[in-house]
Amino acid sequence: MKKVRLTLQRGAMAVVTCVLLSLMSCATSGMTREEKAAERACVAQAVEDSVMNMTFTVEVNYVNPQRMPSRMLNYGYSVKVDGDYLDSYLPFFGRVYRAEFGEQTGLHFKERIAERKVVKAKRDCYAVELVVRRRLEILIYRFDVFSNGKVSLMVTSDNRDSMLFSGELAL
C-alpha cells in the first residue's frame, strides 16, 4: 500500500513539474515593444550591411528538389559569399543532364563570381543574383534575403534540375 501511494505521489509531482515548466515556457520574454522594435531594426541593418558588402553566409536547413519530396537538412549545409567568391556546400537531389568525368560532389565548390546583381525587391527583401561558371556548367544562385534574416535560395543550372533551399543568414 505504501509503495502504491509513493508511486502516485511521484507521478503527481512529475505532472505538476511538467505543467509548471510548460507555463514558464509560455511566459513572455520580458521585452517591451520598443526593445523588440530596436532589435528588429538592428537585425535589418546587419542584413542590409551584409548584402551590400557581399559578405554573408546562409545556413541552409530545408531543401525542395524538383523531382523529389521536400526534406529537412541537418548536416550543416551553407553558402558563403565573400566578395568575389562563392563557396557552396549544398546537397543535390535530381537529374543531371550532362555529367562531367570524375568525382561528382553535388554543389560543393568555391568559384569566382562571374556576374552579380543586387536589387531591393520589396520593402523588406533584397534579391541577390550571382552567376558562377564551374567547368562545363553555368550556375545561377538567386537569394531572396529578408530583413529578419530568413533566406530563400533558388539554384538553377543549364546541366541540372533546379532546387529551392531555405535557411537563415548567419549574423
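Just above, that's the structure.
Residues numbered from 1 in each chain as written. Predicted model: local features only at pLDDT ≥ 70, side-chain atom pairs only at ≥ 80, totals over all residues. Heavy atoms only, no water.

**Student:** Whenever I open this one, the overall build of the protein chain confuses me. Can you help?
**Tutor:** On a plain count of helices and strands, the protein chain comes out with two helices and nine strands. When the helices and strands of the protein chain are listed from N to C terminus, the series reads α-α-β-β-β-β-β-β-β-β-β. Taking all contacts inside the protein chain whose residues are at least 6 apart in sequence as the whole, residues at least 24 apart take part in 46%. Working note: accessible area of the protein chain is about 11400 Å², and carbon and sulfur atoms make up 55% of it. (Helix = DSSP H or I, 4+ residues; strand = E, 2+ residues; numbered from the N terminus. Contact = heavy atoms within 4.5 Å. Areas by Shrake-Rupley, 256 points an atom, 1.4 Å probe, with all protein chains shown as cover.)

**Student:** Which parts of the structure should I look at to understand the pattern of salt bridges?
**Tutor:** Side chains that differ in charge, positive against negative, can pair when their charged atoms come close. What the rule picks out here adds up to seven salt bridges. The salt bridge partner of D161 is R67, with a shortest N-O separation of 2.6 Å. Taken together, the residues span a long stretch of sequence, with D161 in the loop between β8 (150-157) and β9 (163-169) and R67 in the loop between β1 (55-65) and β2 (71-72) at a distance of 94 residues. The exposure class of R67 is partly exposed, given its relative accessible area of 46%. Two residues, D144 and R142, come together in a salt bridge whose shortest N-O distance is 3.4 Å. The network of salt bridges with common partners includes R134, E137 and R160. (Salt bridge = Lys/Arg side-chain N within 4 Å of Asp/Glu carboxyl O. Buried < 20%, exposed > 50% of the residue type's maximum accessible area, 1.4 Å probe, protein only.)

**Student:** Can you walk me through the environment of V151 in this structure?
**Tutor:** Along the chain, the position of V151 falls in strand β8. Taking relative accessible area as the criterion, V151 reaches 4% and is therefore assigned buried. For V151 and C125, which are 26 residues apart along the polypeptide, the C-alpha to C-alpha distance reads 9.3 Å. Residue contacts for V151: discarding those within four places in its chain leaves V58, F143, D144, V145, F165, S166, G167, E168 and L169.

**Student:** I tried to follow unusual backbone geometry on my own but got confused; where do I start?
**Tutor:** Trans peptide bonds make up the majority, and among non-glycine residues the majority have a negative phi. At M54, a position not held by glycine, the phi torsion is positive, near 55°. Assignment of secondary structure puts M54 in the loop between α2 (33-53) and β1. Under the relative-accessibility criterion, M54 is labelled buried at 5%.

**Student:** Where do I start with α2 in this structure?
**Tutor:** An α-helical segment advances 3.6 residues per turn. Residues three or four places apart therefore align on the same side. Compared with the 30 Å implied by 1.5 Å per residue over 21 residues, the 30 Å span of α2 between its first and last C-alpha is a close match. On its buried side, α2 packs onto β1, β5 (107-122), β6 (125-134), β7 (137-146) and β9. Count one or two residues on from α2 and you reach M54, which has phi positive near 55°. (Expected span 1.5 Å × (residues − 1).)

**Student:** What should I look at first to understand the nonpolar core in this one?
**Tutor:** It is characteristic of soluble globular proteins that their nonpolar side chains tend to be buried jointly. Formed by 32 residues in total, the largest nonpolar core has its most connected members in L86, L90, L130, Y141, F143 and F165. Residues within four places of F143 in sequence aside, it is in contact with F56, V58, V79, V81, L86, Y126, A127, V128, L130, V151, S152 and L153. (Core = buried A, V, L, I, M, F, W, Y, C linked by side-chain atoms within 4.5 Å.)

**Student:** For this particular structure, what's the right way to read the packing of aromatic side chains?
**Tutor:** The way to describe two aromatic rings as a pair is by their centre distance and the angle between their planes. Evaluated as defined, the whole model comprises six aromatic pairs. Residues F56 and F143 carry aromatic rings whose centres are separated by 5.4 Å and whose planes lie at 90° to one another, so their mutual orientation is edge-to-face. With a gap of 87 residues between them, F56 in strand β1 and F143 in strand β7 connect regions that are remote in the sequence. Accessibility classification places F56 together with F143 in one group, the buried group. The residue whose ring lies beneath K110 is Y85, and the NZ or CZ to ring-centre distance is 5.7 Å. Note that R160 overlies the ring of F92, its terminal NZ or CZ placed 4.9 Å from the centroid. (Phe/Tyr/Trp six-rings, centres within 6.5 Å; stacked < 30°, edge-to-face > 60°. Lys NZ or Arg CZ within 6 Å of the ring centre and 35° of its normal.)

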